[in-house]
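# Notes for the structure review
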Amino acid sequence: QVQFVESGGGLVQPGGSLRLSCAAAGTIFSINVMGWYRQAPGKPRELVATITNGGTTNYADSVKGRFTISRDKAKITAYLQMTSLKPEDTAVYYCNVVSTTQSRSMRVDWGQGTQVTVSS
């Protein structure tokens, strides 16, 4: 069984930066996509950024140019570098991983979430 553990959240002032990490704890067969979603109070969960096994990235329009997703395949870890943070970026950020199991079925895992608060 595999779990994904997020870290790096916290309180930052507007214009500041944070780096989130999502690390796998356990054995995983084959990762297809790693990504980050976020959910602000009273709002639905939304896509922030994804990165495929081949390195193709995708970003929400609201974070393009400010956030960068990357991945360390050897460490089975995804990162989200966030710069020029705005109060509207305040949310719980969740790691999402889509993988293929040894039996060739698709599996979706979520991390427990890490709080990011942007406030002066």
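Residue indices follow the written sequence of each chain, beginning from 1 at its first position. Reporting in this predicted model follows two pLDDT cut-offs: at least 70 for local features of residues, and 80 or more for side-chain atom pairs to be given and counted; totals over whole chains, interfaces and linings ignore these cut-offs and use all residues. Only hydrogens and water are set aside; all other atoms, that is, all heavy atoms of the structure, feed into the side-chain values.

On to the side chain of Arg 38. Counting from the N terminus, the helices are the DSSP runs of H or I reaching at least four residues and the strands are the DSSP runs of E reaching at least two. Tracing the backbone through its elements, the reader meets Arg 38 in strand S4 (residues 30-39). Whether a residue is buried, partly exposed or exposed follows from its accessible area with a 1.4 Å probe, protein chains only, as a fraction of its type maximum: under 20%, in between, or over 50%, in that order. Overall, the relative accessible area of 5% leaves Arg 38 in the buried class. Among the polar contacts made by the side chain of Arg 38, one reaches the side chain of Asp 89 at a distance of 3.0 Å. Side-chain polar atoms of Arg 38 contact the side chain of Tyr 93, separated by 2.9 Å. The contact rule is simple, with two residues in contact once any of their heavy atoms fall within 4.5 Å. Residue contacts for Arg 38: discarding those within four places in its chain leaves Pro 44, Arg 45, Glu 46, Val 48, Ser 62, Val 63, Phe 67, Glu 88, Asp 89, Ala 91, Val 92 and Tyr 93. Identification of polar contacts relies on pairs of N or O atoms within 3.5 Å, with a donor-acceptor requirement for protein atoms, meaning one able to donate a hydrogen and the other able to accept it, and with residues adjacent in sequence counted only if both atoms are side-chain atoms.

This next bit is on unusual backbone geometry. Phi angles above zero are rare outside glycine, and Ile 76 is one such case at about 50°. According to the relative accessible area criterion, Ile 76 is partly exposed, its value standing at 22%. Although it is not a glycine, Ser 84 adopts a positive phi angle of roughly 45°. Relative to the helices and strands, Ser 84 resides in the loop between strand S8 (77-82) and strand S9 (91-100).

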